[in-house]
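One-letter residues, chain by chain:
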Amino acid sequence: DAGITQSPRHKVTETGTPVTLRCHQTENHRYMYWYRQDPGHGLRLIHYSYGVKDTDKGEVSDGYSVSRSKTEDFLLTLESATSSQTSVYFCAISEGGGRTDTQYFGPGTRLTVL
Amino acid sequence: GESVGLHLPTLSVQEGDNSIINCAYSNSASDYFIWYKQESGKGPQFIIDIRSNMDKRQGQRVTVLLNKTVKHLSLQIAATQPGDSAVYFCAENRAGTALIFGKGTTLSVSS
């Protein structure tokens with residue numbers, strides 16, 4: 001599992017509330033990613049990080065922000081959750097250290113926004 | 001737009017059969033491909049990868065074939081077992097860009 005943990009694993013929240021998901025890695029990899037997975041869409045990149053305090057947007061970044069204050073932690077925040085953000089969220093790391101290298105995934109967080 | 005896709009959304013096989021899962025890609029500039037397996041309730045798990053300078057790569061019970069002429073990728077699983085039941089999807093890498101993931105094929109293995 002490449003030493004990746006995600007918390008919480010499940011969360012139910014209400015529309016309009018802020019939500020923060022945490023990804024933690026133990027192997028000091030430079031690149032970290034947040035994806036969402038929805039039926040019919042596969043995995044879509046939300047944001048990624050290429051180092052502490054270095055982040056960039058992915059394909060579906062609207063409504064999400066990220067922060068990386070330590071190498072090992074990458075946080076995904078939904079400032080005001082909406083029902084369209086109900087999804088399964090996966091964190092990943094690039095073991096090779098580059099954005100185009102093989103990515104390894106965490107176990108996921110299932111988020112339901114009511 | 002360009003994307004990685006799979007030919008069939010579902011594949012059903014008998015235990016012990018060989019399975020072949022296909023993937024088509026559209027960008028001839030893609031130079032790296034990965035197959036992932038995702039079991040229900042879990043994150044995608046790396047299976048095998050192949051670079052564009054190769055046509056074939058073998059792992060334990062799995063083989064990936066790359067046909068650059070027709071931009072086609074396949075995953076072969078030998079002696080399929082019930083534990084192989086999962087969603088399989090390919091990912092494509094184009095130099096300088098992020099991985100692009102296909103939507104997946106659900107493999108069902110009956111005993």
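For clarity, every value in this text was computed on a predicted model and none was experimentally measured. Residue indices follow the written sequence of each chain, beginning from 1 at its first position. Lettering of chains starts at A and numbering of ligands starts at 1, both following the order in which they are written. Predicted model: local features are reported for residues with pLDDT of at least 70 only, side-chain atom pairs are reported and counted for 80 or more only, and whole-chain, interface and lining totals are derived from all residues. Think of the side-chain values as coming from all heavy atoms in the structure, minus any hydrogens and water.

(A) Expanded view of the sheet that holds strand β3 (residues 19-25) of chain A. Residues and elements named next belong to chain A. The rule for pairing is simple: two strands pair if DSSP sees at least two bridges between them. The helix count covers DSSP runs of H or I at least four residues long, the strand count covers runs of E at least two residues long, and both are numbered beginning at the N terminus. Spatially, 4 strands are ordered β1-β3-β8-β7 in an open sheet, and the strand pairing comes out antiparallel. Unpaired on one side and paired on the other, β1 (4-7) and β7 (64-70) mark the two borders of the sheet. Each adjacent strand pair in this sheet contributes to an overall mean axis angle of 20°, direction not counted. Here an axis means a line fitted to C-alpha atoms, over the contact stretch when the element is a helix, while the angle between two N-to-C directions is reported on a 0 to 180 degree scale.

(B) Here's a closer look at the nonpolar core. Side-chain atoms within 4.5 Å link the members of a nonpolar core, which is a set of buried Ala, Val, Leu, Ile, Met, Phe, Trp, Tyr and Cys residues. Residue burial is assigned from relative accessible area. The probe radius is 1.4 Å, only protein chains are included, and a residue is buried under 20% of its type maximum, exposed over 50%, and partly exposed in between. Counting residues in hydrophobic clusters, the biggest one holds 20 residues, and the most contacted among them are Ile21, Trp35, Leu73, Leu75, Ile77, Tyr88 and Leu107 of chain B. Where this core is concerned, the elements lending two or more residues are β2 (10-14), β3 (19-24), β4 (30-38), β5 (45-51), β7 (62-67), β8 (72-77), β9 (86-94) and β11 (105-110) of chain B. Within the second largest apolar cluster, 19 residues are counted, among which are Leu21, Cys23, Ile46 and Tyr89 of chain A.

(C) Molecular detail of the pattern of salt bridges. Salt bridge, as applied in this entry: a Lys or Arg side-chain nitrogen positioned within 4 Å of an Asp or Glu carboxyl oxygen. Under the defined criterion, the tally for this structure stands at 8 salt bridges over all chains. A salt bridge links Arg36 of chain A to Asp38 of chain A; its shortest N-O distance comes to 2.8 Å. For the pair shown, Arg36 of chain A and Asp38 of chain A are each scored as buried. With its nearest N and O atoms 3.1 Å apart, the salt bridge here joins Lys68 of chain B to Asp55 of chain B. You can see Lys68 of chain B sitting in the loop between β7 and β8 and its partner Asp55 of chain B sitting in the loop between β5 and β6 (56-58), a full 13 residues away along the chain. One salt-bridge network, in which partners are shared between bridges, spans Arg22, Lys70 and Asp73 of chain A.

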